[in-house]
Amino acid sequence: MADIHGPSEGRTGHKRTVPPRGGLVRRRRILIGVVAGTLTLTGVGAWAATVLRSPAQVAAETAPPPADVLTAPVEKKVLSASLVTRGKVAASQRVDVLSAGLSGPDTIRAVVTKVKVRPGDAVKPGTALVEVAGRPVLALSGALPAYRNLTGGAVGQDVVQLQKALSAIGYSRGTDPSGTFGPGTQQAVKSLYAAAGYTAPSSANTKTDGSGKAGGEKSGDPQNSGAKAEGPMGKPSGTPSTVVLPASEIAFIADGPVRVESVEAVVGATAAEKLMTISAGELVIDGALESFQKDLVRPGQKVDILSDRTGGQAVGTVALVGPAPAPVGKEATAVDAAPRYQVKITPDAPLAAEFAGQDVRLTIRAASTAGEVLAVPTAAVSSQADGRTTISVISKSGKQNRIEVRTGMSGDGKVEITPVSGTLSPGDRVVLGVGRAPSVGGSQP
């Protein structure tokens, strides 16, 4: 018969001892409480360490940083002293195109009927610039302004200039002698007008379309040159009709690049005295100098030219330094009573057309060393009580050594130095002063 054991009995018949469950749970709770308390105390201690400081800690943290020596390297370079001023870009010649009055016999009012160019436009010889009361103002090459109306048989230097200007654009004077406004030159004038779309004026009341443009008399028709004017019933009057060149219809401009600088004429308005301004020749710069600056500027010095408007850059040379014209009339003020000086600068290469009329910044290289020299910031140089000039050089070991130097030219914040005692090489560090913070830009050793 099998043995039957209860749950608490072993095979030998003895009972196993089971510890009470209440004591085990209690010990676990005590352990958890100890761990939680330890963590809490650790957190409180860390917080207190960040918030609570001793007086010694506060003093250490708020004290200024230790004094720091500010240094800069010795450089070997060409030193230059610069002078900055302003200038105006203009052509070597400026011509005001004027309204010289009425050239048509039937015109009663000088009204601007067309403006054919704009500021900045390039002008070629033979170009019509503006039209007043239907009559053109034509541009031709020449230095002598038109001062009279040229009629058949006129002789003079102004006719020589006209003949050369016409020949330059392909219109020959024919068999006319130089300086004589004969049939050949008159035919050339007619061809000039025809190319521009107008009829050349004549001494007779030639029938036109009312505006002076080609339409009545056929411009450029050789048989019309020297034709006789017709009287009543279509019979010849016996007076030959010759070409007339009014001074009011020609603007002579010197050779070189020609540009329109400004336009004052307005279509529909009565023609003012000045219709427009034409500039000719290479662009140059006129700068202004104060009295204390003039002695620093001499012909031959190089100039850096900068356009603030476009960013364009160029290099030029000082050509002339002299007194500036004194303002007159409304432009004169009490400030202008002081002496004023001007500097004229010639670009080393022709300036681009975009520079015309611009106000530019001029950096004049007033002086420079003959070659590379040792240079240090001016703050590194000091004068001693015994009259010596010295600098302090930091050796590789960090020791400061005072070296006597002789100074030379200064410019751009630096001064030329020559050692009198000791040796000095590019890259050596010189003392500028003492600061409370590390210097910016690599001035630390």
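Residues numbered from 1 in each chain as written. Predicted model: local features only at pLDDT ≥ 70, side-chain atom pairs only at ≥ 80, totals over all residues. Heavy atoms only, no water.

### Considering the overall build of the chain
So, point 1. When its secondary structure is counted, the chain shows four helices and 21 strands.
So, point 2. The proportion of buried residues among the 445 residues of the chain is 33%.
So, point 3. Pairs at least 24 residues apart make up 66% of the contacts formed inside the chain by residues separated by at least 6 positions.
So, point 4. Here the chain has roughly 26,300 Å² of accessible surface; of this, 56% comes from carbon and sulfur atoms. (Helix = DSSP H or I, 4+ residues; strand = E, 2+ residues; numbered from the N terminus. Buried < 20%, exposed > 50% of the residue type's maximum accessible area, 1.4 Å probe, protein only. Contact = heavy atoms within 4.5 Å. Areas by Shrake-Rupley, 256 points an atom, 1.4 Å probe, with all protein chains shown as cover.)

### Some remarks on the environment of Leu-362
So, point 1. Structurally, the position occupied by Leu-362 is in strand β15 (residues 359-368).
So, point 2. Filtering out sequence-adjacent residues up to four positions away, Leu-362 remains in contact with Leu-83, Val-84, Thr-85, Arg-86, Gly-87, Ile-285, Gly-287, Val-303, Asp-304, Ile-305 and Ile-345.

### A look at the sheet that holds strand β9 (residues 250-253)
So, point 1. One open sheet accounts for four strands, arranged β4-β5-β6-β9; its pairing is mixed. In this open sheet, the two strands that pair with only one neighbour each are β4 (112-115) and β9. The mean angle between the axes of side-by-side strands here comes to 20°, regardless of whether they run parallel or antiparallel.
So, point 2. As paired strands, strand β5 (residues 128-132) and strand β6 (residues 135-141) are joined by four bridges and run antiparallel to one another. (Pairing = 2+ DSSP bridges. Axes fitted to C-alpha atoms, helices over the stretch in contact; angles between N-to-C directions.)

### Structural notes on helix α4 (residues 183-196)
So, point 1. Over its 14 residues, α4 extends 20 Å from the first C-alpha to the last, a length consistent with the 20 Å expected when each residue adds 1.5 Å.
So, point 2. Residues of α4 that are buried: Gly-184, Thr-185, Gln-186, Gln-187, Ala-188, Val-189, Lys-190, Leu-192 and Tyr-193.
So, point 3. In this structure, the buried side of α4 is in contact with β6 and α3 (157-168).
So, point 4. Directly beyond the C-terminal end of α4, a positive phi value near 95° is found at Gly-197. (Expected span 1.5 Å × (residues − 1).)

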